[in-house]
Amino acid sequence: MKTPQANRSLKLSHLASERGSLTIDYLFALILVLGFAAVVMAFSTTLATVEVVQYAAFAGARRFFAGNDNFGDQANAAQSAISTVLNNQFIAPLLANGWFTASAPVICGGPNSNNLPICSKFERYGGGEQGPYGTFEGVIIPFQANLLDFHVPFFGSTVKSGTSGAKQTFQVNINSFLGREPSFQECRQYWEDRWANIQKLGYHLPAGANASTTKVLVELDNGC
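> Run through the packing of helix H2 (residues 21-65) against helix H3 (residues 71-86), naming residues and quoting values.
Between H2 and H3, the least distance of the axes is 7 Å, while the angle of their chain directions is 155°. Taken together, the axis directions place H2 and H3 in an arrangement best described as roughly antiparallel. Considering the relative orientation of H2 and H3, their crossing is right-handed. Taken together, the residues of H3 that come into contact with H2 (itself represented by Val52, Val53, Tyr55, Ala56, Ala59, Gly60, Arg63, Phe64 and Phe65) are Phe71, Gln74, Ala75, Ala77, Ala78, Ala81, Ile82, Val85 and Leu86. Of the residues belonging to the contact of H2 with H3, the class tally is 15 nonpolar, two polar and one charged.

Structural data, given as structure tokens:
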């Protein structure tokens, strides 16, 4: 029968043993390495996706820049270019699995008469030039990286709550502003307005000409 003193010595010898400490260190290091690897992979995937969405915005702005029959056709061409990039078989799954969210592109910068949005987010920049033919005419794609919202062991969450209690997200507007060429419709309207203003200066038709039937032939070149 062991005495109390013998039991105490046995317990102390177990406490003094270092068996299993290496396993604990290994598990701790493994969790840290895996956590850092997850962070690196998340950032790498996010940066690659952002580059693709940035190219989609550029492709849309490039198509929007080119002249067309009217403003609506310019905007439709931009939307088509953006959809072609984002609906690629390798890119579409990234935007459909919840890792990232690319909201509907905003084709902006046109006059209000075209019922398309002005780039109001940037109206205070560049002297307030919003269009038509302002500094900020192109494409805005709201982008959110849900993949970066995760919890790292021993480090905590990558997302914190704001003052209102709502979780802050990794969200940004990806923009590409290349300007815009006037459409043929706008060119025709420009020349019609120009002729009307010339008449207001006192221009008179030749003797015997009928003002209601006489038309001035306007030849449009490749621009305004």
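Still more to cover.
> Account for the packing of aromatic side chains, with residues named and values stated.
Counted by the stated rule, this structure contains three aromatic pairs. For the pair Tyr55 and Phe58, a centre-to-centre distance of 6.3 Å together with 45° between the ring planes defines the contact as tilted. Of the two residues, Tyr55 and Phe58 are both situated in helix H2; the distance of three residues between them amounts to about one turn of the helix. By relative accessible area, Tyr55 is classed as partly exposed at 42%.

> Give a description of the nonpolar core that names residues and reports values.
By size, the foremost hydrophobic cluster in this structure holds 23 residues, and its most contacted members are Ile82, Ile107, Val139 and Ile141. Among the elements of the structure, H2, H3 and strand E3 (138-145) are those that each provide at least two residues to this core. Discounting chain neighbours no more than four positions away, the residues touching Ile141 are Val53, Ala56, Ala57, Ile82, Ala102, Ser103, Pro105, Val172, Asn173 and Ile174.

How each quantity is defined
Per chain, residue numbering runs from 1 following the sequence as it is written. In keeping with the model being predicted, local features are shown solely for residues with a pLDDT of at least 70 and side-chain atom pairs are shown and tallied solely at 80 or more, while totals for entire chains, interfaces and linings include all residues. The side-chain quantities take in all heavy atoms of the structure and omit both hydrogens and water. Note on geometry: axes are C-alpha line fits, over the in-contact stretch for helices, and angles between N-to-C directions span 0 to 180 degrees. The secondary structure listing takes helices from DSSP runs of H or I that are at least 4 residues long and strands from runs of E that are at least 2 residues long, numbered from the N terminus. Angle categories: roughly parallel below 35 degrees, roughly antiparallel above 145, roughly perpendicular from 65 to 115, and oblique for all the rest. Put simply, a crossing is left-handed when the front helix is turned counterclockwise from the back one by less than a right angle, and right-handed when it is turned clockwise. Only heavy atoms matter for contacts: two residues are in contact if any of them lie within 4.5 Å across the pair. Just so you know the grouping, Ala, Val, Leu, Ile, Met, Phe, Trp, Tyr, Cys and Pro go in nonpolar, Asp, Glu, Lys and Arg go in charged, and all remaining residues, Gly too, go in polar. Here a Phe, Tyr or Trp ring, Trp counted by its six-membered ring, pairs with any other such ring whose centre lies within 6.5 Å, and the pair is stacked when the planes are under 30 degrees apart, edge-to-face when over 60, and tilted otherwise. Accessible area is worked out with a 1.4 Å probe on protein chains only. A residue is then buried under 20% of its type maximum, exposed over 50%, and partly exposed in between. We define a nonpolar core as any set of buried Ala, Val, Leu, Ile, Met, Phe, Trp, Tyr and Cys residues linked to one another through side-chain atoms lying within 4.5 Å.

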